[in-house]
Structure formats: structure tokens, C-alpha cells
Amino acid sequence: MTIQSCSKQSELCDCTDMATEMMKGDREHNFDGTFQKEYVEKHKAEEAKCKKIYEGKTDKASQEKMRKEMKECSGYEEFKEETIKSMENLKKQMPGLSKEIDESIKELRAE
């Protein structure tokens, strides 16, 4: 469960917290995919809202702006740590991409 402050967060921060919960749940269930399926089913409305936020944000400038806002979210550090753990698991599943994944992990840790 994610603890949030009493102040109102942005929708992007809410989505960041939701992503953190999904990654953490996946990890706690050995990345078998069952948690994420159930979580998305229970949170369809929130998932749709988050998809709209991310929609069309494929160019580098948009992604950098979104990442900057995410860094201001109260749950960003936990999001970052869960992302790193997920990426470390992905390396095991896709050893051919280990170098690229390691570079992404290094960039996250440097933030």
C-alpha cells in the first residue's frame, strides 16, 4: 500500500503511484503476471485515465517534461526503486538486452 500525503497530487503523480503498486505487486508475486492482471481489472477507470495522460507523449521533449513532473511526486523515489527492480528481473528474462538494461538502470540511479 502506498502512503500519500494529505495534499492533492497531480494526476500524473497518481498514475506514478499506481505504476509503483503494480510493479511492487508483480515483484511480490514473482513476476508471474497474475497481480498486474487483477490490479488492472480492479482499477479500470484509473488505468484509462493514466493511458490518456501518457497518450501522444512519444517525443523526447514530452517525455522529459513528464519525467520532470514525476520527479516532483511524493512517491517518485519508490517508483524509481521498483522500476530498477523490475528492470533487473527483465535482464534475467532477456539476457540479450542486458547491456541496454544496465545502462537504463545506471541512468535511473544517477538521478
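For the structure itself, look to the data block above.
In this report, we go over the structure that sits alongside the text. Just so it is clear, the structure is predicted and the values come from calculations on it, not from any experiment. (Residues numbered from 1 in each chain as written. Predicted model: local features only at pLDDT ≥ 70, side-chain atom pairs only at ≥ 80, totals over all residues. Heavy atoms only, no water.)

## Let's talk about the layout of surface pockets
Volume-wise, the largest pocket comes out at about 230 Å³. In terms of lining, the largest pocket is formed by Gln63, Arg67, Phe79, Thr83, Met87, Ser104, Glu107 and Leu108. Only helix 4 (60-71), helix 5 (76-93) and helix 6 (98-110) provide two or more residues apiece to the lining of the largest pocket. Looking at side-chain class alone, the lining of the largest pocket contains 3 nonpolar, 3 polar and 2 charged residues. (1 Å grid on protein atoms, 1.4 Å probe; cavity = no way out; pocket = protein on both sides within 12 Å on 5 of 7 lines; lining within 4 Å. Points joined across faces, edges and corners; volume = space filled by probe spheres on them. Helix = DSSP H or I, 4+ residues; strand = E, 2+ residues; numbered from the N terminus. Nonpolar A, V, L, I, M, F, W, Y, C, P; charged D, E, K, R; others polar.)

## Considerations on helix 3 (residues 44-54)
Within the span of helix 3, buried status applies to Glu47, Cys50 and Ile53. Burial along helix 3 is one-sided: seen end-on, the buried residues are contained in an arc of 115 degrees. What points out from helix 3, more than 90 degrees from its buried face, is the exposed set Lys44, Ala45, Lys51 and Lys52. Note on helix 3: the residue one or two positions beyond its end, glycine 56, has a positive phi of about 75 degrees. (Buried < 20%, exposed > 50% of the residue type's maximum accessible area, 1.4 Å probe, protein only. Arc of directions from axis to C-beta.)

## Describing helix 1 (residues 11-28)
With 18 residues, helix 1 extends 26 Å from end C-alpha to end C-alpha; this agrees with the ideal 26 Å at 1.5 Å per step. When we look at burial in helix 1, the residues that qualify are Leu12, Cys13, Cys15, Thr16, Asp17, Met18, Ala19, Thr20, Met22, Met23, Gly25 and Asp26. On its buried side, helix 1 packs onto helix 2 (34-42), helix 3, helix 4 and helix 5. At the C-terminal side of helix 1, asparagine 30 shows a positive phi close to 55 degrees. (Expected span 1.5 Å × (residues − 1). Contact = heavy atoms within 4.5 Å.)

## Here we look at the packing of helix 1 against helix 3
Running from amino to carboxyl end, helix 1 crosses helix 3 at an angle of 120 degrees, the nearest separation of the two axes being 10 Å. Judged by the inter-axis angle, helix 1 sits oblique to helix 3. As helix 1 runs across helix 3, the sense of the crossing is left-handed. Only Glu46, Glu47, Lys49, Cys50, Ile53 and Tyr54 of helix 3 make contact with helix 1, whose side of the interface consists of Glu11, Leu12, Asp14, Cys15, Thr16, Met18 and Met22. Taken together, the residues that form the contact of helix 1 with helix 3 break down as 7 nonpolar, 1 polar and 5 charged. (Axes fitted to C-alpha atoms, helices over the stretch in contact; angles between N-to-C directions. Parallel < 35°, antiparallel > 145°, perpendicular 65-115°, else oblique. Left-handed = near helix turned anticlockwise from the far one by under 90°.)

## Points about unusual backbone geometry
Notably, asparagine 30 is not glycine yet its phi reads approximately 55 degrees, a positive angle. Structurally, asparagine 30 can be placed in the loop between helix 1 and helix 2. Although it is not a glycine, phenylalanine 31 adopts a positive phi angle of roughly 55 degrees.

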